[in-house]
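Per-entry structural report
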Amino acid sequence: MKINILGAYSTKFGELWNISPRALAKEAMENALKGSKLKASQIDALFVGNMLSGILGNQANLGSLLVEELGAQVPAFRMEGACASGGLALHNAINSLKAGQYKTVMVLGIEKMTDHSPDEITSALMAAGSDEERMAGATFPGVYALMAQAYMQKYNVTEEELASVSVKNHYHGTFNPKAQYQFPITVDGVMKSAKIADPLKLLDCSPISDGAAAIVITSESIVNKAIKQVNIVASEVATDTLSLHNRKSFTSLTAVVEASAKAYKKAGIKASDVDVCEIHDCFSISEAIATEDLGFSEKGEGARDIAKGKRTLFKGDIICNPSGGLKSCGHPVGATGIKQIVEITEQLRGMAGKRQVKGAKVGLTHNVGGSGAVAVIHILKN
Amino acid sequence: MQWTMIRVPATSFIDQAPYPVVIVRMQDGKNMIGQLVDWQKKDLVIGKEVVSVLRRLRTEGKEDVIYYHIKFKPI
Amino acid sequence: MTGIIGYGTYVPKYRLKLSEIAQMWGKESGDACQLMGEKSVPGFDEDAVTMGIEASKKAIYMSGIKSSDLQSVYFGSESHPYAVKPSSTTVGEYLGIGNNYFAADLEFACKAGTAGMQVTVGLLGNKNINYGLVVGSDAAQGRPHDALEYTAASAACAYILGNKQSEIIANILEMSSFSSNTLDFWRRDGAKYPSHFGRFSGEPAYFTHVIEEGKNLLAKSKLKPKDFSYCVFHMPNGKFPRAAAKKLGFTPEQLAPSLIVDKIGNPYSASSMMGLASVLDIAKPKQKIFFVSYGSGAGSDGFIFETTRTILLKQKKAIPVLKQMENKIYISYPEYLRQTHAI
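Remember, it's a predicted structure, so these values are computed and weren't measured experimentally.

**Some words on the overall build of chain C**
- Helix and strand content of chain C: 13 helices and 14 strands.
- Taken over the C-alpha trace, chain C has a radius of gyration of 18 Å; the compact-globule value for 343 residues is 20 Å, and the two agree within 12%.
- For chain C, the C-alpha atoms occupy an extent of roughly 55 × 45 × 40 Å along the three principal directions.
- Element-wise, carbon and sulfur atoms account for 54% of the exposed surface of chain C, whose accessible area totals about 13500 Å².
- Of the side chains in chain C, 37 bear a positive and 31 a negative charge, and the two mean positions are spaced by 6 Å.

Rendered as structure tokens:
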């Protein structure tokens, strides 16, 4: 059974103080429907990925709320896996198609975070970690900072080399009209930015953002001759311990290694076959480690390869985060997983405008929850 | 084993920042994560020996229950 | 006979120089600074209970018993974390002593701990228990710009008392108490800082009770000051214990080893108990120790101790109070305010 992507749309990401969650959802879903050339009545179910609506907005039952914005009173579900909520929603949507229960579904990722103070958000995001980490006062950046320390120590990587991740993603962001930040930054700028959790500085960390992204997928063979058909050929999930300190390694996410291995097998490809990918760079260290876990770079060389330009648009071999990634495009937690799919879809359709990776045939999305407790990998082909 | 300095804290830890958080290997081989207390800059090195102590977790409201928690102190 | 079978002390790492306080309030360094240079300050996340637990752990280690052997916990302090909720059971729980123990919190200003010792002696004498833990611990709060700010310090001291002669390092030969309703120093429920009547804390308060109790002890025991190797008095400052010792007929040499006040200030309920610990760190067998504590409000608890041969063995298991007080780092006045939650 082929999983076809019909419509794919992402709202602008940023501090959208004037736009409510309902309005965000409506914009994303309406436009995804438009792109799919379907009516709302043709959608069988809605899958929502979101992390913080309960914690920050006191709103549970999110599926029921947002299906009102879809315009079709169909079954609706919310999935949560911290920052992997979007990817998990898609994974479950795909499974529902494979099971034959539904034929065409809408998958929406959405998050509103910017209406709160930094310490409130920090507290809320700690929900992605473990109780032990919370009691130790280990904030989310703090946990990744511990990974960064271990990585830098083990492989002799400098803070400047890590900074090149943010620099690359901001460069990509200049080509993305939907990105939260569309200006370039420099390594020097990163180094001078305020420390959040040593050694991670402000510009090593993805921002707090609002945004939504939606896609329509179907198991039916509806073919739109006007655009290139894009299919999801693999959707795999793997988990690891919730706490960082219980993991086997502080410099590699086993969940990513496992999920991607399963995905490559399913898709019948090797890591080097990937042309373009969207990586979960919640922090600069995350992308460095991810490129190693996904098999693009040798262990310990991830950051250095990025610094050398191997993942950069127009000059690299496997292009990572053409959208600007989480750092530059923004990271509305629940929306990211779906936005990644939207980006890769546009890349494989040849409709990515200024950030087009020429001749992209195979795309991958890498969506991670917490400090690596859950990883969702999708592989798309045209 | 590893350390970092938290400078942007969560709400309940706001009056303690900046503070170090460390991952410690215990005598039984298991790892634990915790705040480091009574520290000086020279203690923030990988491999520093620490001992576990009981301390107040954070500052709570005037009428709330007081929480105690394990933290670590350099020897 | 009942006696001490082990003890432990805990002093927080931080010190504030008294000259810093003087400088803050624009005072010339004078009297207060001459006798005591600095005071101990608790860490931001320390309180009477966390310090009491540290001291108790050391006492258990020295006594050579298991924490589950303890059958009573009496915790004396004037800075209990809760007004209602015992510190003693928090200590009991974290030490893992089980559920079958007598417990209560005591308050009697600086003599809460020694009062606890007297209660425990009663339980031991009546054979209700075999081993009892007594803690005197305070994270003392001194009102900024008040005279007491120079002396209010923090520390904890724990004693384990028992009946087994082979385990006892210091027998309790005599014990008595002198109490009255004297309002020299107080703190109302809900108030953050204590209040006091200044010079009234001297003659009518401290000296009346300490001297009367001292005289009682000597009369009861029919002993003279020269029969003692050491004397220990409550130390609200450097002057008072020296004056009390002199008045009762003791020499500066007998008093000297107990004067922890010179190093860390006055840790209230831990003060006299720590002074005693400091003496026990260096005492030889078969030495008599004269001990009178003082608590505002007011009262004095008196004890006469006599060391045994066992003390030599157990001294090896203790980190001497003197050494613990040397483990310190200095902080500034603003850091002191932050750590004592004044800002």
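**Here we look at the overall build of chain A**
- Scanning chain A for helices and strands turns up 14 helices and twelve strands.
- In terms of C-alpha radius of gyration, chain A reaches 19 Å, essentially the compact-globule figure of 21 Å for 382 residues.
- A total of 382 residues make up chain A; the buried ones form 65% of that total.
- Pairs at least 24 residues apart make up 77% of the contacts formed inside chain A by residues separated by at least 6 positions.
- A total accessible area of about 13500 Å² is found for chain A, and carbon and sulfur atoms account for 52% of it.
- In chain A, 40 side chains carry a positive charge and 38 a negative one; their mean positions are 8 Å apart.

**Regarding unusual backbone geometry**
- Following alanine 17 of chain B, the chain continues to proline 18 of chain B via a peptide bond in cis, the omega torsion being -5°.
- Structurally, the position occupied by proline 18 of chain B is in the loop between β1 (2-6) and β2 (19-25).
- The residue after glycine 297 of chain C, namely alanine 298 of chain C, is reached through a cis peptide bond having omega 0°.
- Topologically, alanine 298 of chain C is positioned in the loop between β12 (288-292) and β13 (299-307).

**Some thoughts on the arrangement of the chains**
- By contact count, the leading pair among the two pairs of chains in contact is chains A and B.
- Spatially, chain A and chain C are disjoint, and the shortest separation between their C-alpha atoms is 13 Å.

**Observations regarding the nonpolar core**
- Counting 72 residues, the largest nonpolar core has Tyr144, Tyr264, Ile285, Phe296 and Ile379 of chain A as its most contacted members.
- Tallying contributions element by element places helix α7 (residues 140-155) of chain A first for this core, with eleven residues.
- Core analysis: the next-biggest nonpolar cluster, separate from the first, contains 62 residues, Met117, Ala245, Ala270 and Ile289 of chain C among them.

**Remarks on the state of the cysteines**
- Applying the stated criterion across every chain yields a total of zero disulfides over all chains.
- Not engaged in a disulfide, the cysteine cysteine 83 of chain A finds its nearest cysteine sulfur in cysteine 282 of chain A; these two sulfurs lie 6.0 Å apart.
- Between cysteine 231 of chain C, a free cysteine, and cysteine 157 of chain C, which holds the nearest cysteine sulfur, the sulfur-to-sulfur gap is 17 Å.

**Side note on the interface of chain C and chain B**
- In this assembly, 19 residues from chain C lie in contact with 20 residues from chain B.
- Of all residues in chain C, the largest losses of buried area upon contact with chain B belong to Phe44, Asp45 and Tyr82 of chain C, amounting jointly to 32% of the total for that side.
- There are four salt bridges connecting chain C and chain B.
- Among the ionic pairs, arginine 56 of chain B bridges to aspartate 47 of chain C, the shortest N-O distance being 2.5 Å.
- Taken together, the connections running from chain C to chain B amount to eleven residue pairs in polar contact (both at pLDDT 80 or more).
- Per-element tally for the side of chain C that touches chain B: the top contributor is helix α3 (residues 48-63) of chain C, with five residues.
- Here the side of chain C that touches chain B is composed, by residue class, of nine nonpolar, three polar and seven charged.

**Side note on the pattern of salt bridges**
- Applying the stated criterion to the full structure yields 38 salt bridges over all chains.
- Put simply, lysine 48 of chain B and aspartate 43 of chain B hold a salt bridge, and the shortest N to O gap is 3.7 Å.
- A relative accessible area of 31% places lysine 48 of chain B in the partly exposed class.
- One salt bridge in this structure joins lysine 57 of chain C and glutamate 54 of chain C, with 3.9 Å as the shortest N-O distance. Of this pair, lysine 57 of chain C and glutamate 54 of chain C are both found in helix α3, three residues apart, which corresponds to roughly one turn of the helix.

**Comments concerning empty space enclosed by the protein**
Residues and elements named next belong to chain A.
- This model, assessed by the stated rule, comprises four cavities of 30 Å³ or more.
- As for the largest cavity, its lining consists of 13 residues, and the residues nearest its centre are Tyr144, Leu253, Ser286, Ile289 and Ala290.
- Sorting the residues of the lining of the largest cavity by element identifies α7, α11 (284-293) and β11 (362-369) as the ones contributing at least two each.
- Ranked by the residues each element gives to the lining of the largest cavity, the list is headed by α11, at five residues.
- Looking at side-chain class alone, the lining of the largest cavity contains nine nonpolar, three polar and one charged residues.
- Considering the residues around the second largest cavity, the lining is formed by Met126, Ala128, Gly129, Glu133, Ala138, Thr139, Phe140, Val143 and Ser371.
- Classifying every residue of the lining of the second largest cavity gives five nonpolar, three polar and one charged.

**What about the confidence of the model for chain C?**
- Mean pLDDT for chain C: 92, with 97% of residues reaching 70 or above.
- Scored by ipTM, the complex comes to 0.89, with pTM at 0.87.

**Things to note about the side chain of glutamate 236 of chain A**
All names here are of chain A.
- For glutamate 236, the position within the fold is in strand β8 (residues 230-239).
- On the basis of relative accessible area, glutamate 236 is assigned to the buried category, the value being 12%.
- Within polar-contact distance, the side chain of glutamate 236 engages the side chain of lysine 266 at 3.3 Å.
- Residues contacting glutamate 236, with those up to four places away along its chain left out, are His91, Ala259, Lys262, Ala263, Lys266, Ala375, Val376 and Ile377.

**Overview of the packing of helix α6 (residues 202-221) of chain C against helix α7 (residues 239-248) of chain C**
Residue and element names in this part refer to chain C.
- The contact between α6 and α7 brings their axes to 10 Å, and the two run at 40°. Our classification of the angle between α6 and α7 gives oblique. In this structure, the crossing between α6 and α7 has a hand that is right-handed. Contacts between α6 and α7 pair Gly202, Glu203, Tyr206, Phe207, Val210, Ile211, Gly214, Lys215 and Leu218 from the former with Phe240, Pro241, Ala243, Ala244, Lys247 and Leu248 from the latter.

**Re the interface of chain A and chain B**
- Contacts between the two partners involve 27 residues from chain A, matched on the other side by 24 residues from chain B.
- Among the residues chain A hides against chain B, the three largest losses belong to Met135, Leu146 and His245 of chain A. Together they make up 27% of the total.
- In this structure, arginine 7 of chain B and aspartate 198 of chain A form a salt bridge, with 2.7 Å as the shortest nitrogen-oxygen distance.
- At the junction of chain A and chain B, the tally comes to eleven residue pairs in polar contact (both at pLDDT 80 or more).
- Elements with a contribution of two residues or more to the side of chain A that touches chain B: α5 (118-125), α6 (131-135), α7 and β5 (195-197) of chain A.
- For the side of chain A that touches chain B, the element with the highest residue contribution is α7 of chain A, accounting for six residues.
- Of the residues that constitute the side of chain A that touches chain B, the class distribution is eleven nonpolar, nine polar and seven charged.

Cut-offs used in this document
- Residues numbered from 1 in each chain as written.
- Chains lettered and ligands numbered in written order.
- Predicted model: local features only at pLDDT ≥ 70, side-chain atom pairs only at ≥ 80, totals over all residues.
- Heavy atoms only, no water.
- Helix = DSSP H or I, 4+ residues; strand = E, 2+ residues; numbered from the N terminus.
- Rg over C-alpha atoms; globule rule 2.2 N^0.38 Å.
- Areas by Shrake-Rupley, 256 points an atom, 1.4 Å probe, with all protein chains shown as cover.
- Lys, Arg positive; Asp, Glu negative; His and termini not counted.
- Charge placed at Lys NZ, Arg CZ, Asp CG, Glu CD.
- Buried < 20%, exposed > 50% of the residue type's maximum accessible area, 1.4 Å probe, protein only.
- Contact = heavy atoms within 4.5 Å.
- Core = buried A, V, L, I, M, F, W, Y, C linked by side-chain atoms within 4.5 Å.
- Disulfide = S-S within 2.5 Å.
- Buried area = accessible area lost by both parts, 1.4 Å probe.
- Salt bridge = Lys/Arg side-chain N within 4 Å of Asp/Glu carboxyl O.
- Polar contact = N/O pair within 3.5 Å; in protein donor to acceptor, adjacent residues only side chain to side chain.
- Nonpolar A, V, L, I, M, F, W, Y, C, P; charged D, E, K, R; others polar.
- 1 Å grid on protein atoms, 1.4 Å probe; cavity = no way out; pocket = protein on both sides within 12 Å on 5 of 7 lines; lining within 4 Å.
- Points joined across faces, edges and corners; volume = space filled by probe spheres on them.
- pLDDT = per-residue confidence, 0-100.
- Axes fitted to C-alpha atoms, helices over the stretch in contact; angles between N-to-C directions.
- Parallel < 35°, antiparallel > 145°, perpendicular 65-115°, else oblique.
- Left-handed = near helix turned anticlockwise from the far one by under 90°.

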